[in-house]
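What follows is the residue order along each chain.
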Amino acid sequence: MPTPDYQVLTDVTLLIDGRDLSPQISQFEAPVQVEAKETTNFASKRWKSFVGALKSSAWTLAGFYRAADAPILFDGLGSEMSVAIIDGNPGAAGDRAYFRRGLSGKFPFGGKIGELQEVSLEFSGGGRVYRGSLLDRSENPPVGDGAELTLGAVSSAHALVVSLHAEVETELELILQSNATLGGPGDWMDRETINLTARGAVWLNLSGPITDTRYRFRRVTVDGAVTYHAFVAIV
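A short tour of the structure in this document, coming up.

About the criteria used
Residues numbered from 1 in each chain as written. Predicted model: local features only at pLDDT ≥ 70, side-chain atom pairs only at ≥ 80, totals over all residues. Heavy atoms only, no water. Helix = DSSP H or I, 4+ residues; strand = E, 2+ residues; numbered from the N terminus. Phe/Tyr/Trp six-rings, centres within 6.5 Å; stacked < 30°, edge-to-face > 60°. Buried < 20%, exposed > 50% of the residue type's maximum accessible area, 1.4 Å probe, protein only. Lys NZ or Arg CZ within 6 Å of the ring centre and 35° of its normal. Polar contact = N/O pair within 3.5 Å; in protein donor to acceptor, adjacent residues only side chain to side chain. 1 Å grid on protein atoms, 1.4 Å probe; cavity = no way out; pocket = protein on both sides within 12 Å on 5 of 7 lines; lining within 4 Å. Points joined across faces, edges and corners; volume = space filled by probe spheres on them. Nonpolar A, V, L, I, M, F, W, Y, C, P; charged D, E, K, R; others polar. Pairing = 2+ DSSP bridges. Contact = heavy atoms within 4.5 Å. Salt bridge = Lys/Arg side-chain N within 4 Å of Asp/Glu carboxyl O.

### Brief notes about unusual backbone geometry
- Between Gly-208 and the following residue, Pro-209, the backbone shows a cis peptide bond with an omega angle of 10 degrees.
- Take Pro-209: it is sitting in the loop between strand S16 (200–207) and strand S17 (214–223).
- With a phi close to 50 degrees, Asp-17 is a non-glycine residue in the positive phi region.
- Look at Arg-46: it is not a glycine, yet its phi comes out positive at around 70 degrees.
- The topology assignment puts Arg-46 in the loop between strand S4 (33–38) and strand S5 (50–56).

Dropping the structure here:
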């Protein structure tokens, strides 16, 4: 008999607005659901019928409270934050990832004496959830070319969505580039420039058509300690 394709959760990366919360998170739920609206009528032949309506997704993260992250989570209450989940830790180019914007709606604080203080976070709304890939992950990298990933062309009816999470001490400047084939430096086209001088998350939305099929970030400026994760999806 074939071996069942089970998956055991072990190595997962969870990011919120550029901060890696993996060392404190031990559980997450990231469902995506759609409302089913009943359309049963006199021609339904005694079977109820339904049609899919509005989609929604509320993500919850749970784990252990870490004081260093409290300002980020507390200050983000009631605002839209960028959240990303990678199927791997620390993650490598091509790893499956899910990313979104979500409204931060909870910051619990409390616990029992003598027990580890727990934390539970909730993110809802904020538009769609993207199922894509980790384009690049780098920690204190040199100036130069990042990892390359083949995704395919983007038709006129679709778009290329990029989400970047970064911890930046002084400055990080990146250029998103694309290429039709794996070629020399002159074959790469500059698409968008991102400049960060602090921790944060940046979103790009590039409308099609884009005939190129390969993508990467070129690191122009890396000043001070830097760690970043870049995610990409065609939607």
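### Let's talk about the packing of aromatic side chains
- Applying the stated criterion across every chain yields a total of 4 aromatic pairs.
- Residues Tyr-130 and Trp-203 carry aromatic rings whose centres are separated by 5.8 Å and whose planes lie at 45 degrees to one another, so their mutual orientation is tilted. Of the two residues, Tyr-130 is situated in strand S10 (residues 129–139) and Trp-203 in strand S16; the sequence distance between them amounts to 73 residues. Each of the two residues, Tyr-130 as well as Trp-203, counts as buried.
- An aromatic cluster is defined as three or more aromatic residues linked by ring pairs; in this entry it consists of Phe-99, Tyr-130, Trp-203 and Phe-231.
- One cation-aromatic arrangement involves Arg-100 over Trp-59; the distance from NZ or CZ to the ring centre is 5.3 Å.
- Arg-216 extends its terminal NZ or CZ atom over the ring of Trp-188, reaching a point 4.0 Å from the ring centre.

### Some remarks on the side chain of Arg-216
- Within the secondary structure, Arg-216 is located in strand S17.
- Within the structure, the side chain of Arg-216 is placed 3.3 Å from the side chain of Asp-145, a separation counted as a polar contact.
- At 2.8 Å, the side chain of Arg-216 forms a polar contact with the side chain of Gln-177.

### Regarding the layout of surface pockets
- Approximately 240 Å³ is the volume found for the largest pocket.
- Around the largest pocket, the lining comprises 14 residues; the ones closest to its centre are Phe-28, Ile-85, Asp-87, Arg-96 and Tyr-98.
- Among the elements of the structure, strand S7 (80–86), strand S8 (96–104) and S10 are those that each provide at least two residues to the lining of the largest pocket.
- A per-class count over the lining of the largest pocket returns 10 nonpolar, 1 polar and 3 charged.

### Some remarks on the pairing of S7
- Most of S7 sits inside the fold, with 6 of its 7 residues counted as buried.
- For strand S1 (residues 13–16) and S7, the ladder comprises 4 bridges, and the chain directions are antiparallel. Along S7, the bridge assignment pairs Leu-15 with Ala-84.
- Looking at chain direction, S7 and S8 are connected through 7 bridges and run antiparallel.

### Structural notes on the environment of Arg-128
- Residue placement: Arg-128 occurs in the loop between strand S9 (118–124) and S10.
- Taking the C-alpha atoms as reference points, Arg-128 and Ser-56, separated by 72 residues in sequence, lie 7.6 Å from one another.
- Beyond its immediate sequence surroundings of up to four residues, Arg-128 is in contact with Phe-99, Arg-100 and Val-235.

### Points about the pattern of salt bridges
- Under the definition given, this model contains 10 salt bridges.
- With a closest N to O distance of 3.3 Å, Arg-137 and Glu-139 form a salt bridge.
- Across the pair Asp-212 and Arg-191 runs a salt bridge whose closest N-O atoms are separated by 3.5 Å. Remark: Arg-191 occurs in strand S15 (residues 189–196) and Asp-212 occurs in the loop between S16 and S17; sequence separation between them is 21 residues.
- Given the relative accessible area of 9%, Asp-212 is considered buried.
- Residue class for Arg-191 comes out partly exposed when judged on its relative accessible area of 28%.
- Taken together, the shared-partner salt bridges connect Asp-145, Glu-148, Arg-214, Arg-216 and Arg-218 into one network.

Everything listed here is a matter of geometry and, on its own, says nothing about what the molecule does.
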